[in-house]
Amino acid sequence: MSTRRLPEHEQKILDEIERALNRDRRLARRLRAVRRRRRRPDLSRVAAYAPHPVTVTVLAAVALGLMTAGIVTSQVAVVWAFAAVWPVALFAGFRLLCRWSRAG
């Protein structure tokens, strides 16, 4: 592919086409909708997660409290809340341990 610049008259035509496309609101709306549909979760952000020790402590405390409350009350909502919080606390704890093991 050529890396040379376009001749001046072709560059003017291209700029005019781009301005016309930028003014087209319907096209802009459709492009935004397509971008939203194609968006996938960014797993690199999850892999790069570096929790603060306070965050891990709070998550573990909440998980422990929910586990205790679930055992005592046997309420389904509390058990499901524990089931939702526990993996997050576990993941954050492992990420914190990994970060500490690399630092030392």
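Here's a quick rundown of the structure. Computed from a prediction, not measured in an experiment: that's the story for all the values here. (Residues numbered from 1 in each chain as written. Predicted model: local features only at pLDDT ≥ 70, side-chain atom pairs only at ≥ 80, totals over all residues. Heavy atoms only, no water.)

In this section: the side chain of R95. Locating R95 in the fold gives a position in helix 5 (residues 76-103). Excluding residues that lie within four positions of it along the chain, R95 makes contacts with A47, A48, Y49, P51 and R102. (Helix = DSSP H or I, 4+ residues; strand = E, 2+ residues; numbered from the N terminus. Contact = heavy atoms within 4.5 Å.)

Counting nine residues, the largest nonpolar core consists of V56, L59, A63, L66, V78, V85, A89, A92 and L96. Of all the secondary-structure elements, those providing two or more residues to this core are helix 4 (53-73) and helix 5. Apart from residues lying up to four places away in sequence, L66 is in contact with V78, A81, F82 and V85. (Core = buried A, V, L, I, M, F, W, Y, C linked by side-chain atoms within 4.5 Å. Buried < 20%, exposed > 50% of the residue type's maximum accessible area, 1.4 Å probe, protein only.)

Using the criterion set out here, one finds two aromatic pairs in the structure. Relative to F91, the ring of Y49 lies with its centre 6.2 Å away and its plane at 10°, an arrangement referred to as stacked. Of the two residues, Y49 is situated in the loop between helix 3 (43-47) and helix 4 and F91 in helix 5; the sequence distance between them amounts to 42 residues. Residue classification places Y49 among the partly exposed residues on the basis of a relative accessible area of 32%. When the ring of F82 is compared with that of W86, the centres are 6.0 Å apart and the planes differ by 20°; the resulting orientation is stacked. Residue F82 and its partner W86 are both found in helix 5; the two are separated by four residues, about one turn of the helix. (Phe/Tyr/Trp six-rings, centres within 6.5 Å; stacked < 30°, edge-to-face > 60°.)

We now examine helix 4. Compared with the 30 Å implied by 1.5 Å per residue over 21 residues, the 30 Å span of helix 4 between its first and last C-alpha is a close match. For helix 4, the set of buried residues is V56, L59, A63, L66 and G70. The buried residues of helix 4 occupy one face: seen down the axis, they fall within an arc of 95°. The outward face of helix 4, more than 90 degrees from its buried face, is lined by the exposed residues V54, T57 and V72. Residues of helix 4 that are buried in the fold lie against helix 5. Once helix 4 finishes, S74 follows within two positions and takes phi at roughly 60°, a positive value. (Expected span 1.5 Å × (residues − 1). Arc of directions from axis to C-beta.)

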